[in-house]
Each structure stands twice: as structure tokens, then as C-alpha cells.
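Architecture at a glance
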Amino acid sequence: MSRIVIRNGEIITSMDRLRGDVYCEDGVIRAIGAKLEVPAGTEVIDASGQLVFPGGLDPHVHMELPFMGTVSADDFESGTAAGICGGVTCIIDFCIPAAKQSLLEALKLWDEKSKKAVADYSYHMAITWFSEQVEKEMGTVKERGIPSFKHFMAYKGALMLDDDGLYRSFCRIKELGGIATIHAENGDVVWNLQQKLIRAGKNGPEYHAVSRPPEVEGEATNRAIRIAEVVGMPVYIVHMSCKAALDAVIAARLRGQRGVYAESLINHLLLDDSVYQKPNFEAAAYVMSPPFRPKGNPDALWDGVKAGMIQTTGTDHCPFNMSQKAMGKDNFTLIPNGCAAIEDRMSLLWHHGVGMGRISEQQFVSLFTTNACRIFGLYPRKGTIAIGSDADIVVFDPTKTRVFSAKTHHQKVDRSIFEGFEAKGAPSHVIANGKLVYKDGDLRATRGAGRFIPRAGIQLI
Ligand code: URP
Ligand code: ZN
Ligand code: ZN
């Protein structure tokens, strides 16, 4: 039997702040209160002067993803271990079937890969093609505990789904009581812009952002939301990066469309397109989609966060080493798209959010874990500190300074997009499934300790 008590911390949830103890037994929170009496032999963590948060959910990661001719560099073990160091105790990865592959076959592959996870996980199921078979299999996927389905409106010739597919998939999701998640960029327009740039000899990584301007994201965001409106079902825009897309979300919410949600990445909240000016192909380290945006967009996203128009944050953790990025040395369209950040979000969101007076402590918790847990059906098992919830807890030292660098991070990638950044506030202890898995820099993760967490349904928040 595992027993841990966290003593005398400031317990902060999306609703409350109170000083007290949290007692966990066999992976579950059993008691919360002042000066709790606990059985002899219980492991004690002294959280005096520290904050006690529910463990983080990263609702958007890609471990060991076959993509653009290579595979993302973190697998489920190293990626979830890096997450633990950054206060993330649960992830939702994306199960992405290849062209014409059965959803259930893809699910088997993901189940195999995820066995080595050190922290709990679930998947969104990607709908990369549509047929009667897919329609039927979506029902089985939902019964397996996966009620969220991902659609790529970009990556023409690979993962992209056209409007016919979107509409038919949305109708099926409505029948199943699930939610659609969307990578919103107009893939046809992006493809044409890419070809034009390459024909003009503009083939360096600095042209990646030029080929995917904010307008293509704004248009696709609006289109996805409007299709969801026609069907009458909820929709969640992933990695929303710019004001043009935020405007579409705000317009939908203001006209009373229910169930329109947006996720922004810590990446897009903190970086702008000046990163593409880095010389010597270093800009390739920042090639992800949507790309980093012109100045003004990060501030617009923060305004969206403050106003509650953006409900969740994630990282789209999908690392590629520079040796992999080099696949696009002579043609930016061949640079594998993706960056690492699973380990970085907590401290950065705290520092730039609460530390800089943009959001409250409760909003921080909502954005770091609770809202995504609610939308995707993990709450209240995860995303809060409550009796009966999983014992996934972060003890956070608000005085500790963290300096970000590829030299010291646990992510298996040779660049940090936040190289040299500093943040005040970092986890001192992380408890996952009732076990102390991180203590002051000492990672004690166990390969295979993570569990697939079935999700019953979604919650409209
Ligand atoms: O560039 C990105 N975002 N890579 C991962 C795949 C995706 O689009 O989310
Ligand atoms: Zn995407
Ligand atoms: Zn992604």
C-alpha cells in the first residue's frame, strides 16, 4: 500500500485556495484538511511555503509520431518523463492512422508504443480519411474510452481531410456524443503558397511562416466552427496561434454557438516570428505549424486567455533533432514540423501568466489542467485536488528560478525553443498515481507505470 501526505501547503484548484494537508493512499486522494492524522509509516512531504496544484494535463502531444518521413524524437517513456519534470502527470496523444489504415489497427500500434509511458495517458483519434468502415470504427473507438476525434485541415496529400470528410465525421461524432478537434489551416492555400515560394527559389526555413499566413488559419478556424454549427456539435480548435483565428472563436461564442473551445500553446503565447530570422538554418528548430506569428499576435492570445475565450493550454510536443530538420535543408516544405515544450509549459505559464499579473492562480490551474480535463472527460478523476481524484499532484516552489536550455532539459531533442528563458516558479515534488516521481531534480519515473485512462464522455464547460 502506498501512502503519502503533503503537509501544510497552499492547495490551489481552479476554484479555491486553502492551506492544509493532502493525504493519498493507493493512488487516490483520501483526505484533505488541516493537521490530518495519517497511518504510521506514511511518506511525508513538507510543502510549507509552497503551492500544491493538481497535476498537469497536456492535451496535445505527439510521442514517437511517424511524420514527414521521420519519427518524433521523444517516445512515450522519455516524453512522459520530461513531462513529469515539468509537472505534467497525464497526456493526450494523437492516434493517427496512415492513409486508408483502419482506426483499430492504428489503435493497436499506439497501444504498443504507449506501454512504456511513465505517466497516465489517453489519445485523440485522428480521422485522416472517411468511409463507412471509418464511421463504424469510430463507434468502437468511443466505446474504448476515446470520445475526441482530430481533423487536420492542413498537410495536403498526407493527413488533410476535405470538407466532405469533415462534415461526415462531425455528423458521426454528434451521434456518438463526442467532440471534434481541429488543426485549422487551409491546406490547399498553404500548398499553393509553398509551391510558389519554392519556384521563386525561396526555400529557406524563414519562408515556412510566409507559406502559412494568419489568414489561412483564420479562414479554416471559421470554416470548422461553421460546419460544427450546421451539424450542432462541439468543436475544439487546437494550437490556435493568431488573432485572425481568435476572432473566429470570439464571433462564434458571441453569437451564442455552444461548445466552441480554443487551445493555445505556450509556444505561441511567448514567441513571435522573429525566430525565423536566426541564421545558419537555426530557424528550422522553430518550424512548426501553425508557425510563430508576427508581433501583436501573442498579446492578442493573452487577451483571449484573460477574457476566457481560450480555455486550455498545451504544447503540441513533437520534437525533431536538427539532424532530422536537415531533411529540409534545401526545401523548407520538407523540414519536419514540430517543437518540444512538454517540460516547459508549467513554469512559463505561471511566470508569464500569474507572475506578470495577467491571470489569477485559479485561472492558471484551469488553463494548465482543469478545463482540458473537463472538456475531454477526465474530470474529476484528473484536473483537481478532491477526495476520490487520482493522486496526481505538483508541489510548486514559487521562489525557485528555472533557466531553460537544451543542455539541461529532459526532452530528447538538441534544441530548446526557449533557450535562455528564465522563469520564477518550478515544481519541487511531483506525485503521479500516488507515487513520488520527482523530487528537486531527481526523476524517479518507472517505465510502464503510466496507464491508459478511458474517458467516458465530454463536458460542455
Ligand atoms: O508542427 C506541428 N504542429 N507538428 C505536429 C503535428 C501537428 O500539426 O500538430
Ligand atoms: Zn496540428
Ligand atoms: Zn499536434
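Residues numbered from 1 in each chain as written. Chains lettered and ligands numbered in written order. Predicted model: local features only at pLDDT ≥ 70, side-chain atom pairs only at ≥ 80, totals over all residues. Heavy atoms only, no water.

1. Some points on the layout of surface pockets
The method is simple in principle: a probe with the dimensions of a water molecule rolls over the atoms, and the space it marks as empty is what remains. Which entries qualify depends on this criterion: Within this scheme a cavity is a closed region of a 1 Å grid, computed over the protein atoms alone, that accommodates a 1.4 Å probe without allowing it to escape, whereas a pocket is open but has protein on both sides within 12 Å along at least five of seven lines; lining residues each have an atom within 4 Å of a point. Grid points are joined across faces, edges and corners, and a volume is the space filled by probe spheres set on the points. The secondary structure listing takes helices from DSSP runs of H or I that are at least 4 residues long and strands from runs of E that are at least 2 residues long, numbered from the N terminus. Side-chain classes follow a simple rule in which Ala, Val, Leu, Ile, Met, Phe, Trp, Tyr, Cys and Pro form the nonpolar group, Asp, Glu, Lys and Arg form the charged group, and the remainder, Gly included, forms the polar group.
Counted as a void, the largest pocket has a volume near 400 Å³. Around the largest pocket sit 23 residues that line it, and Met68, Tyr155, Lys156, Ala158 and Thr333 are the ones nearest its centre. Examining the composition of the lining of the largest pocket, we find that six residues originate from one element, helix α5 (residues 187–199), more than from any other. Considering only residue class, the lining of the largest pocket consists of 14 nonpolar, seven polar and two charged. Contributions of two or more residues to the lining of the second largest pocket are made by β16 (393–403) and β17 (422–432). In terms of residue count, β16 provides more of the lining of the second largest pocket than any other element does, four residues in total. Across the lining of the second largest pocket, the residue classes break down as six nonpolar, six polar and three charged.

2. Thoughts on the pairing of β17
Condition: The buried label goes to any residue with under 20% of its type's maximum accessible area, the exposed label to any with over 50%, and the partly exposed label to all in between, with areas taken from a 1.4 Å probe on protein chains only. For two strands to be treated as a pair, DSSP must find no fewer than two bridges joining them.
Most of β17 is tucked away, with nine of its 11 residues classed as buried. Pairing analysis gives eight bridges linking β16 to β17, with the strands arranged antiparallel. Opposite Val403, over in β17, you have Glu422 as the bridge partner. Note that β17 and strand β18 (residues 435–439) share four bridges and pair antiparallel. Bridging from a neighbouring strand, Val430 pairs with Tyr438 of β18. Hairpin connection between β17 and β18: a loop of two residues separates the two successive antiparallel strands, and Asn433 in this loop has a positive phi of roughly 50 degrees.

3. Notes on the environment of Pro205
Take Pro205: it is sitting in the loop between α5 and α6 (214–231). Residue classification places Pro205 among the buried positions, given a relative accessible area of 7%. Separated by 130 residues in sequence, Pro205 and Ile335 place their C-alpha atoms 7.9 Å apart.

4. With respect to the side chain of Thr313
The following threshold applies: For this analysis, a polar contact is any N or O atom pair within 3.5 Å, provided that within protein one partner can donate a hydrogen and the other can accept it, and provided that sequence-adjacent residues contribute only side-chain to side-chain pairs. Residues count as neighbours in contact if any of their non-hydrogen atoms are within 4.5 Å of one another.
Positionally, Thr313 belongs in strand β15 (residues 312–314). Classification of Thr313 as buried rests on a relative accessible area of 1%. A distance of 2.8 Å separates the side chain of Thr313 from the backbone oxygen of Leu367, its partner in a polar contact. In contact with Thr313, not counting residues within four places along its chain, are Pro59, Glu263, Ser264, Leu269, Arg345, Leu349, Leu367 and Phe368.

5. A look at the coordination of the zinc ion (ligand 2)
Our working rule: Donors, by definition, are the N, O and S atoms found within 2.8 Å of a metal, the threshold being 3.2 Å for Na, K and Ca, and water is not counted, so a site can look incomplete.
Surrounding the zinc ion (ligand 2) are the protein donor atoms His183 (ND1) and His239 (NE2), which sit 2.1 Å from the metal. In this structure the zinc ion (ligand 3) is found 3.8 Å away from the zinc ion (ligand 2). Linking His183 in strand β12 (residues 179–183) with His239 in the loop between β13 (235–237) and α7 (243–254), this pair joins segments that are 56 residues apart in sequence. For His183, a relative accessible area of 1% corresponds to the buried category. We classify His239 as buried; its relative accessible area is 2%.

6. Remarks on the environment of Ile11
Following the sequence through the fold, Ile11 ends up in strand β1 (residues 3–12). Judged by relative accessible area, Ile11 falls into the buried class, the value being 3%. Along the sequence, Ile11 and Ser48 sit 37 residues apart, while their C-alpha atoms lie 11 Å from each other. Ignoring any residue separated from it by four or fewer positions in sequence, one finds Ile11 in contact with Asp16, Arg17, Leu18, Gly20, Asp21, Val22, Ile32, Val52 and Ile385.

7. Some remarks on the sheet that holds β12
So the rule is basically this: Comment: axis = line fitted to C-alpha atoms, over the contacting stretch for helices; angle = value between 0 and 180 degrees taken between N-to-C directions.
In space, the eight strands of this open sheet follow the order β6-β9-β10-β11-β12-β13-β14-β15, with parallel pairing throughout. Every interior strand has two partners, whereas the edge strands, β6 (56–61) and β15, have only one. Adjacent strand axes in the sheet meet at a mean angle of 30 degrees when their direction is disregarded. The sheet contact formed by β6 and strand β9 (residues 88–95) spans four bridges and is parallel.

8. Some words on the site of ligand 1
Which entries qualify depends on this criterion: Any residue with at least one heavy atom within 4 Å of a molecule or strand is counted as near it. The accessible surface values rely on the Shrake-Rupley method and a 1.4 Å probe; as for residues, cover is taken only from the protein chains in view. Should more than half of a molecule's atoms lie within 2 Å of a pocket's or cavity's grid points, that molecule is taken to sit in it.
Near ligand 1, the surroundings consist of 13 residues, among which Tyr155, His183, Ser289, Asp316 and Asn337 are the closest. One nitrogen or oxygen atom from the side chain of His60 is found 3.5 Å from an oxygen atom belonging to ligand 1. Calculation on ligand 1 without its partners gives an accessible area of 270 Å², and the protein chains cover 99% of this total. Judged by the fraction of its atoms near the pocket grid, ligand 1 is located in the largest cavity.

9. Side note on the domain arrangement of the protein chain
What counts here: For the purposes of this description, domain bounds are those given by an automatic or database domain assignment. Accessible area that two parts lose when put together, evaluated with a 1.4 Å probe and summed over both, is termed the buried area. Only one rule defines a salt bridge in this text: a Lys or Arg side-chain nitrogen within 4 Å of an Asp or Glu carboxyl oxygen.
For the protein chain, the assigned domains read domain 1 (3–53 + 384–400 + 425–443) and domain 2 (56–375). Centre-to-centre, using C-alpha coordinates, domain 1 lies 31 Å away from domain 2. The interface is formed by 21 residues belonging to domain 1 together with 16 residues belonging to domain 2. Both faces combined, the contact of domain 1 with domain 2 buries some 1,600 Å², and carbon together with sulfur accounts for 69% of it. It is Ser14, Phe53 and Leu443 in domain 1 that bury the most area against domain 2; as a group they hold 27% of the surface buried on that side. At the surface where domain 1 touches domain 2, the tally comes to one salt bridge. For the salt bridge of Glu361 with Arg17, the shortest nitrogen-to-oxygen distance reads 2.9 Å. Along the contact surface separating domain 1 from domain 2 lie three residue pairs in polar contact (both at pLDDT 80 or more). Among the secondary structure elements, those contributing two or more residues to the side of domain 1 that touches domain 2 are β5 (51–54), β16, β17 and β18. In terms of residue count, β17 provides more of the side of domain 1 that touches domain 2 than any other element does, six residues in total. Tallied by class, the residues present in the side of domain 1 that touches domain 2 amount to 14 nonpolar, three polar and four charged.

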